[in-house]
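Working through the structure, step by step
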Amino acid sequence: MSGETILIVDDEPAFARVAGAFLTREGYHVVTAKDAASAREVFAQARPDLVLLDLVMPPERTPEAGLSLLPEFSSAVTVVLTAHSEHELALRAVSLGAWDFLAKPVEPELLRFCVERALAKAALEREIARLRAEKAGAYDGLIGNGPAMAHVKDMIRRIGPAELPVMILGPTGSGKELVAHALHRASARRGPFVSIHCGAIPAELIESELFGHLKGAFTGAHADRPGLVATARGGTLFLDEIGETPLPCQVKLLRFLQEGTYTPVGGREARRADVRIVSATHRDLEAMIASGAFREDLYYRLRGVVIRTPALDERREDLGFLAAHFLAQAAKKRKLRFSQEALAWLVAQSWPGNVRELKATIECAAALADPQSSTISAEDLTFARGGGVLPTSDVVAETLPEAQEKLERRMIGAALAATEHNHSAAARRLGVSRVGLLKMMARLGLR
Ligand SMILES: Nc1ncnc2c1ncn2[C@@H]1O[C@H](COP(=O)(O)OP(=O)(O)OP(=O)(O)O)[C@@H](O)[C@H]1O
């Protein structure tokens, strides 16, 4: 008894009934569809592990409609049902992604054997994906082994391979996007991981960004352009800050989640894409629903499974590991370590910006650390976090050129860390030109 879901697509009621009853007795959950349109619908809703697909269905009664479903069903294993004489068709189906074929009429024993073999293949693929994810460090990117992070990693391991939508809730900078990425790597999905920050795109553009547009759909739409949903086909679409999505776009997203279909802006025909949706927010969506800013039906569709990323202050046990990791990354080939006071300082702080704030502080401190020294002091960290107030103790003991160099080093380091190493943005912050900044960095030996 395995409980996997099998979709039987066949217009012959007798076959669907008999095979369905047989497979139900074998312990599978069986759903059926009798034409291509209903097959798509049932597939999107039931997310089967296996599809038994008769290629010749109404209304066309040609194999083309059946064959066109194969790429859309790529997240499941498909076995096609053919007539005895249709070897060529069976081979075409296999070349388009079907795993196996069965000639009708099908012997029950052969059906059982074929289904077991196909599902074993699917289970193996999932296991390989999981092991690959572990080896490739799907969870290694997520530093921390305290109880809170261990729970998050366990959720990723268990939910990653499932096809369910996932909602990640947690404060800003707590690693929601990293978790979304890890979920993708822990899945068997071979398509890409595509991410969109719903709050960073103007409301009038977000629909076209997600679903694409056709030429002439609006001023400036000079050519057809596919959206991120199409780009993420066979993969995962991460909707960051889902709470920022405008209401009209929420309607389209709901349709996509319910039916697996969408219509590009300016288009009429619905398109299909097999995409797993992972969403995230630090906002209180239930309060947004109460105020009418977020659709309740969309909320329930999106929150298939919820993973909560803890605030850094709730998992202080991981702070030392995180800090050491970020320092090693930032220091590159230099050997830098924290002084005892620096470590005590890190632990004593509250980190409202969570891991992002910790990382930026350490990057900044490493960038401005004295090149002659191998230690990051508590003072370096205080300065890096404060973003530019030079402690007077640094100045009094030194000559003016030395103090000036230190100040330049620190201010540049702080500006680079605050802008995620964007030279133009850092130069603007510092009130110098980009070229000027690059020259100063070269003079100070900063990379
Ligand atoms: N557990 C972790 N291990 C290592 N790095 C982490 C961890 N959590 C977060 N980070 C780092 O912190 C930064 C912020 O992480 P991320 O963007 O995933 O947070 P977020 O919760 O999605 O933020 P926001 O709500 O602002 O979108 C990234 O640079 C990420 O690499």
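Residues numbered from 1 in each chain as written. Predicted model: local features only at pLDDT ≥ 70, side-chain atom pairs only at ≥ 80, totals over all residues.

Under the annotation held in an unreviewed UniProt entry, the chain carries the name Sigma-54-dependent Fis family transcriptional regulator and is attributed to Methylosinus sporium.

Brief notes about the site of the ligand
Looking at the ligand, there are 18 residues lining it, with Ile-143, Gly-175, Lys-176, Glu-177 and Val-355 nearest. Of all the secondary-structure elements, those providing two or more residues to the shell around the ligand are helix H7 (176-185) and helix H15 (354-368). Its residues assigned to classes, the shell around the ligand comprises five nonpolar, eight polar and five charged. Inspection of the shell around the ligand shows a minimum of three residues originating in each of domain 2 (139-310) and domain 3 (313-444). (Near = placed C-beta within 6 Å. Helix = DSSP H or I, 4+ residues; strand = E, 2+ residues; numbered from the N terminus. Nonpolar A, V, L, I, M, F, W, Y, C, P; charged D, E, K, R; others polar. Domains from an automatic or database assignment.)

With respect to the sheet that holds strand E1 (residues 5-9)
The strand order across the open sheet formed by five strands is E2-E1-E3-E4-E5, and the pairing between neighbours is parallel. Two strands close off the open sheet at either side, each with one partner strand: strand E2 (29-33) and strand E5 (100-104). Strand after strand, the sheet turns through a mean of 20° between neighbouring axes, direction not considered. Bridge count for strand E4 (residues 77-83) against E5 is five bridges, and the pairing is parallel. Among the inter-strand pairings, Leu-81 is bridged to a residue of E5, identified as Leu-102. Its contacts with the sheet put helix H1 (residues 13-25) on E1 and E2, and the angle it makes with E2 is roughly 165°. (Pairing = 2+ DSSP bridges. Axes fitted to C-alpha atoms, helices over the stretch in contact; angles between N-to-C directions. Contact = placed C-beta atoms within 7 Å.)

Considering H15
Across its 15 residues, H15 extends 22 Å between first and last C-alpha, which sits within 8% of the 21 Å expected from 1.5 Å per residue. Counting buried residues in H15 gives 13 out of 15 residues, a clear majority hidden from the surface. (Expected span 1.5 Å × (residues − 1). Buried ≥ 20, exposed ≤ 12 C-beta atoms within 10 Å, placed from the backbone.)

Description of the pairing of E4
Burial analysis of E4 places six of its seven residues in the buried class, the great majority of the element. In this structure, strand E3 (residues 50-54) lies alongside E4, joined through five bridges in parallel fashion. Paired with Leu-52 across the two strands is Val-79, which belongs to E4. Each parallel crossover has a hand, and for E3 linked through helix H3 (residues 63-72) to E4 it is right-handed. Considered for its hand, the β-α-β crossover made up of E4, helix H4 (residues 87-95) and E5 is right-handed. (Right-handed = clockwise from strand over helix to strand, strands pointing away.)

Observations concerning the UniProt feature "modified residue: 4-aspartylphosphate" (unreviewed entry) in the chain
Annotation from UniProt places "modified residue: 4-aspartylphosphate" (unreviewed entry) at Asp-54. Checked against the element boundaries, Asp-54 lands in strand E3. Excluding anything up to four places from it in sequence, Asp-54 contacts Val-9, Asp-10, Asp-11, Gly-66 and Leu-81. (UniProt positions renumbered as here; feature names shortened; annotations may be inferred.)

Details of the nonpolar core
Counting 36 residues, the largest nonpolar core has Ile-168, Val-179, Leu-183 and Val-229 as its most contacted members. If you tally residues by element for this core, the top one is H7, at four residues. Each residue touching Val-179, except ones within four places of it in the same chain, is listed here: Leu-142, Val-152, Ile-156, Ile-168, Ile-307 and Thr-309. Residues Ile-8, Val-9, Leu-55 and Leu-102 belong to the second largest nonpolar core, which totals 34 residues. (Core = buried A, V, L, I, M, F, W, Y, C linked by C-beta atoms within 7 Å.)

Brief notes about unusual backbone geometry
Of all residues except glycine, most have a negative phi; of all peptide bonds, most are trans. A cis amide bond links Lys-104 with the next residue in sequence, Pro-105, at an omega value of -5°. Looking at where Pro-105 falls in the secondary structure, it is placed in the loop between E5 and helix H5 (108-135). Phi is positive for Arg-47, which is not a glycine, with a value near 45°. Phi is positive for Glu-241, which is not a glycine, with a value near 55°. By the C-beta count within 10 Å, which is 18 here, Glu-241 ends up partly exposed.

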